[in-house]
Amino acid sequence: MEAKPFKTFKEQCEYLNEEKGIITDFEKHKEYLIKIGYFNIINAYKLPFVDRIEVDKDGKSKHFYMKNTYFEYLLRVYEFDSSLRRNLFIVLTNLEQEIKNLYAYIIGLKNTNNKEWHSLDLFNYSKTDEEIENVINSIKNRLDHKNNYKYLGHYKDKYGELPIWIVLKNIMLSDFIDFIKIMSPDVNGLLSKVYDFTYFDDDREKIDFKNLINYLNLIREYRNACAHTERTYHLMKTYERSSLRSSAGFNKFMKNPIRYTRTNNNPISLIDLLVCLKYFLKHSDYYSLINKIVLDLEKLKEDIPLSPYEKVLSDLGAKSIEDLAFLANNNLVIPNYHILGWLNII
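Residues numbered from 1 in each chain as written. Predicted model: local features only at pLDDT ≥ 70, side-chain atom pairs only at ≥ 80, totals over all residues. Heavy atoms only, no water.

A. Highlighting the overall build of the chain. A count of helices and strands for the chain gives 17 helices and six strands. Overall size of the chain, expressed as C-alpha extent along the three principal axes, is 70 × 50 × 40 Å. The buried share among the 346 residues of the chain stands at 46%. Pairs at least 24 residues apart make up 69% of the contacts formed inside the chain by residues separated by at least 6 positions. For the chain, the exposed surface amounts to about 19100 Å²; the carbon and sulfur share of it is 49%. (Helix = DSSP H or I, 4+ residues; strand = E, 2+ residues; numbered from the N terminus. Buried < 20%, exposed > 50% of the residue type's maximum accessible area, 1.4 Å probe, protein only. Contact = heavy atoms within 4.5 Å. Areas by Shrake-Rupley, 256 points an atom, 1.4 Å probe, with all protein chains shown as cover.)

This is the structure we're talking about:
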């Protein structure tokens, strides 16, 4: 099988004009092809402008675009997504820092014997020694690859071991999620209560730990997508609904949740993340994020034809702008920091 043939920037513009029907001007648009790249503009953001797809007898598909589709239209969607990615990345990395810090604090409260992080009396007794050891060894290997940070050496030299808050700071979010899974319900229950992952059954409060883990995995997926400049408004990744999507958040925060939860085969989308973040962000931070997204959507609506705009809105999972506005203005007080003995931060 031959590799995909190389095309110069000028040839790329000619191909867009002649083969794709996307109106392109080499002198005007070559800068974007140089700085951003053909794939990162055309392949990533073409779908809202596709009029139809035809498949030939060999199974090869060909996209036909809407008439009068301009290069600038795809560029506008790229710019919308870039702004979304930047805003989300700030929120998600700050949230990752907060959750890790709170978890280290909770372990500190519970670790009354002041044991080293890998020898705690706080591991889940339902986990086997092998399961616990595998997670601990994975984290140790991760820390060994970061030994060029001076403060890590300082703590090791002074205390012989790294304190838990330094350990959690220096591991990946996937490692952190694995670490949570081997910890006791006593520890995880407190974190779950801070972010209101609870429900009542026969008038008894219970911990919704599964939903917490699902949402942490969702945060991890979007955080990584943002970090690696993947298209963010429409990830196009395949997930099992049971592992990442939950109707609980829609039922808790949406005015008309049935529109989002009536079917079980919806692909994961940005709206899932936005609902998820209602659990974790204080109201002012959440309102600021949604407001930025809504303003960017309103600008996009002015810059491209209506049909592609509606496809973008649909692909990010929102039924309407009004649903995003409702989420932003729903000031249900979460997180519950006061559970840890702090004043609530609103």
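B. Summary view of the side chain of Arg231. Tracing the backbone shows Arg231 in the loop between helix H10 (209-227) and helix H11 (241-244). The buried charged residue Arg231 lacks any salt bridge partner; its closest oppositely charged side chain belongs to Asp81, at an N-O distance of 6.0 Å. In terms of polar contacts, Arg231 uses its side chain to reach the backbone carbonyl oxygen of Ala44, at 2.6 Å. There is a polar contact of 2.7 Å between the side chain of Arg231 and the backbone oxygen of His234. If sequence neighbours within four positions are ignored, Arg231 has contacts with Asn43, Ala44, Tyr45, Leu47, Asp81, Arg85 and Met236. (Lys, Arg positive; Asp, Glu negative; His and termini not counted. Salt bridge = Lys/Arg side-chain N within 4 Å of Asp/Glu carboxyl O. Polar contact = N/O pair within 3.5 Å; in protein donor to acceptor, adjacent residues only side chain to side chain.)

C. Region of the structure containing the nonpolar core. Judged by nonpolar contacts, the single largest core of 105 residues is most densely connected at Tyr103, Phe179, Leu277 and Phe280. Ranked by the residues each element gives to this core, the list is headed by helix H4 (residues 71-110), at 17 residues. Beyond its immediate stretch of four places on either side in the chain, Leu277 contacts Leu88, Val91, Leu92, Leu95, Tyr286 and Leu289. (Core = buried A, V, L, I, M, F, W, Y, C linked by side-chain atoms within 4.5 Å.)

D. Seen up close, the pairing of strand S3 (residues 61-65). Pairing geometry for strand S2 (residues 50-55) and S3, over five bridges, is antiparallel. Each bridged residue has a counterpart across the sheet, and for Glu54 the counterpart in S3 is Lys62. Counted along the chain from S2 to the antiparallel partner S3, the turn is five residues long, and its residue Gly59 has a positive phi close to 85°. (Pairing = 2+ DSSP bridges.)

E. Highlighting the packing of aromatic side chains. Overall, the coordinates contain 16 aromatic pairs when judged by the stated rule. Arranged with centres 6.4 Å apart and planes meeting at 20°, the rings of Tyr45 and Tyr233 form a pair that is stacked. With Tyr45 in helix H3 (residues 38-45) and Tyr233 in the loop between H10 and H11, the pair connects residues that are 188 residues apart, well separated along the chain. Since its relative accessible area comes to 2%, Tyr45 is described here as buried. Between Tyr155 and Tyr159, the ring centres sit 6.1 Å apart and the planes meet at 25°, which makes this aromatic pair stacked. Pair noted here: Tyr155 and Tyr159 are both in helix H6 (residues 150-159), with a separation of four residues, about one helical turn. (Phe/Tyr/Trp six-rings, centres within 6.5 Å; stacked < 30°, edge-to-face > 60°.)

F. Summary view of helix H5 (residues 129-144). Between its terminal C-alpha atoms H5 stretches 22 Å, which fits the 22 Å expected from 16 residues at 1.5 Å a residue. Within H5, burial applies to Ile132, Val135, Ile136, Ile139 and Leu143. One side of H5 holds all its buried residues, which, seen down the axis, span an arc of 95°. The inward-facing, buried residues of H5 abut helix H7 (164-169) and helix H8 (173-181). (Expected span 1.5 Å × (residues − 1). Arc of directions from axis to C-beta.)

G. Examining the state of the cysteines more closely. All chains considered together, the criterion is met by zero disulfides. Looking at Cys226, it has no disulfide partner, and the nearest cysteine sulfur is the one in Cys276, 13 Å off. Judged by relative accessible area, Cys226 falls into the buried class, the value being 6%. (Disulfide = S-S within 2.5 Å.)

H. Region of the structure containing a negative patch on the surface. Judged by side-chain charge, Glu11, Glu14, Glu18 and Glu19 come together as a negatively charged surface patch. Mapping Glu18 onto the fold places it in helix H1 (residues 9-20). (Patch = residues over 30% accessible without salt bridge, like charges linked within 9 Å, V, L, I, M, F, W, Y side chains within 5 Å. Charge placed at Lys NZ, Arg CZ, Asp CG, Glu CD.)

I. Structural detail: the environment of Asn291. Topologically, Asn291 is positioned in helix H15 (residues 283-303). For Asn291, a relative accessible area of 34% translates into the label partly exposed. With 34 residues separating them along the chain, Asn291 and Ala325 place their C-alpha atoms 7.7 Å apart.

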